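Understanding the architecture of this molecule
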Amino acid sequence: ENFQRTIKYIVVMRQRLSYPLDKKETRTASLVGNRWTLGDMSRKKGSTGYVSVLGRGRADRSGKNGFSVDRKIVVGILITLVVFYLFLNSRDESFSASQLLENSATSSLSSAAGKRHLVEEEYEIGFAQAIAVDYPPIYTQKSKFQQIDVYSSKYFGKVLVLDDVLQITETDGHIYNEMMAHIPMMQHPKALKVLVIGGGDGYVLNEVLKHKSVQHVDHVDLDGDVTEVCKKHFPWGNAWSDSRSKLHIEDGAAFVAKAEDASYDVIIQDSSDPWDIDDEGNLTPLPSAVLYSKDHFKHIFRILKTNGIFNFQAETFNIPSNIKGIRDWRNQALNLGFKSVRYGSLPTTTYPTGQIGMLLCEKTPSEATHIDDMRKRFSAMEETSFYHPRLHEGTFTLPLWVEKKIYGDSAGGFDAVDGTKPS
């Protein structure tokens, strides 16, 4: 509707700022200084004629003392029209500033057809990407902690968005969540008790419960409204109905701090980003930063059993501040007592730069499952669509420059399965 109103406004302005040419006259426009003027191609040279403002000029039809329009005026009119269109769209309160800019830069027809672009920007590297979704959202709610929206997308299916940040889509959600869950679960010889921190959408929990060895899973998330929304709108939302799972709506760091020693075989931390960097390069810690702190890692190590495994979301290696974080978190985990800490890379379409990773931290890597046993367990497990044992091996093989950034002198020196130095 706003687009149509803008077009009508342009048409009216065009009518007011232009004259029709005589049918018998044929003119050509030429640029003189900063002005457009018309010359007669067939008869009177130098006389002035017509071209519309939107066609770069206007002059009278007298043939004498004609006038032309300064290009600055034309540019000013066009800028006014753009500002007018943006003003109309800005009245939609649910449309964020970044989305507004995106729609102004892309086809306005998509906006008129009920489309919006979910834009994510990485100012640090000057990168932005977007996916088109149907507008308005199929569900929207303001929880105690954040704005929750569920959109529909032609290709990506349902899309979960928290505070204007895309979290998961039906189409590519299996990549991240299957790998986050099955790599530590398969790496462990027999995980009986598991802790999932974050991952309020329930997808990681759903994958963990595919392992028959699991007797109990504690799932901790701060925002209970997110879990309720995902129960209703996503196909994996029935995970919490499994009798082996128990949902705790509370702070993840606080839950870990009060947990008993040697309680869990595997801990999976599916947390949001620990910081944000704005367009001026300022780094702002986010609420999830506490889940990356030394104190939190210390409690994680304490509540894991002697052969326990900790796997956590570890950002992308394509952003300088992130790869520095990967290296720092790895060193932090090693200094606290983990014997092997490796970065696994995951190709995720809707994550900025198309790549995200995890850090797999093992207390006793020598007890890791052999690849042959992984294959047997995999064949007996419920079906997956992305994870399989060969991919398990390959996910820790990184580009050489990334290995050097993360491991330094030990780059390329880790076995893909057990995390030990080859003999």
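Scroll up to find the structure this text is about.
This write-up is about the structure you can find in this document. (Residues numbered from 1 in each chain as written. Predicted model: local features only at pLDDT ≥ 70, side-chain atom pairs only at ≥ 80, totals over all residues. Heavy atoms only, no water.)

**Details of the environment of Ser321**
Along the polypeptide, Ser321 turns up in helix 10 (residues 320-336). With near-sequence residues (within four places) excluded, Ser321 lies in contact with Glu124, Trp275 and Ile277. (Helix = DSSP H or I, 4+ residues; strand = E, 2+ residues; numbered from the N terminus. Contact = heavy atoms within 4.5 Å.)

**What about the sheet that holds strand 12 (residues 264-270)?**
Read across the sheet, seven strands follow the order 11-10-9-12-15-17-16 without closing on themselves; strand pairing throughout is mixed. Each of the sheet's edge strands pairs with one partner strand only, and the pair in question is strand 11 (245-249) and strand 16 (340-347). Neighbour to neighbour, the strand axes of the sheet diverge by 15° on average, direction disregarded. Across five bridges, strand 9 (residues 193-198) lies against strand 12 in parallel orientation. Along strand 12, the bridge assignment pairs Val196 with Ile268. Contacting strand 9, strand 12, strand 15 (304-313), strand 16 and strand 17 (355-362), helix 5 (residues 173-187) crosses the sheet at an angle of about 160° to strand 12. Its contacts with the sheet put helix 10 on strand 15, strand 16 and strand 17, and the angle it makes with strand 16 is roughly 150°. (Pairing = 2+ DSSP bridges. Axes fitted to C-alpha atoms, helices over the stretch in contact; angles between N-to-C directions.)

**A few points about unusual backbone geometry**
Put simply, Tyr135 and Pro136 share a cis peptide bond, and its omega is 5°. Assignment of secondary structure puts Pro136 in the loop between strand 4 (127-134) and strand 5 (139-142). The phi dihedral of Asp164 falls on the positive side, at around 65°, and the residue is not glycine. Within the secondary structure, Asp164 sits in the loop between strand 7 (157-162) and strand 8 (165-169). The phi dihedral of Ala262 falls on the positive side, at around 50°, and the residue is not glycine. With respect to the helices, strands and loops of the structure, Ala262 is situated in the loop between helix 8 (252-258) and strand 12.

**Quick look at the nonpolar core**
General note: in soluble globular proteins, nonpolar side chains tend to be found buried as a group. Formed by 42 residues in total, the largest nonpolar core has its most connected members in Leu160, Val194, Val208 and Val217. If you tally residues by element for this core, the top one is helix 5, at seven residues. What Val208 contacts, discounting residues up to four positions off in sequence, is Ala181, Met185, Val194, Val196, Val214, Val217 and Ile268. Counting 35 residues, the second largest nonpolar core, distinct from the first, contains Val220, Phe255, Trp329 and Val341. (Core = buried A, V, L, I, M, F, W, Y, C linked by side-chain atoms within 4.5 Å. Buried < 20%, exposed > 50% of the residue type's maximum accessible area, 1.4 Å probe, protein only.)

**Section: the pairing of strand 3 (residues 115-122)**
Where strand 3 meets strand 4, eight bridges bridge the pair, whose relative direction is antiparallel. Its bridge partner lying in strand 4, Glu122 is registered against Phe127. Connecting the antiparallel pair strand 3 and strand 4 is a turn made up of four residues, with Gly126 showing a positive phi of about 65°.

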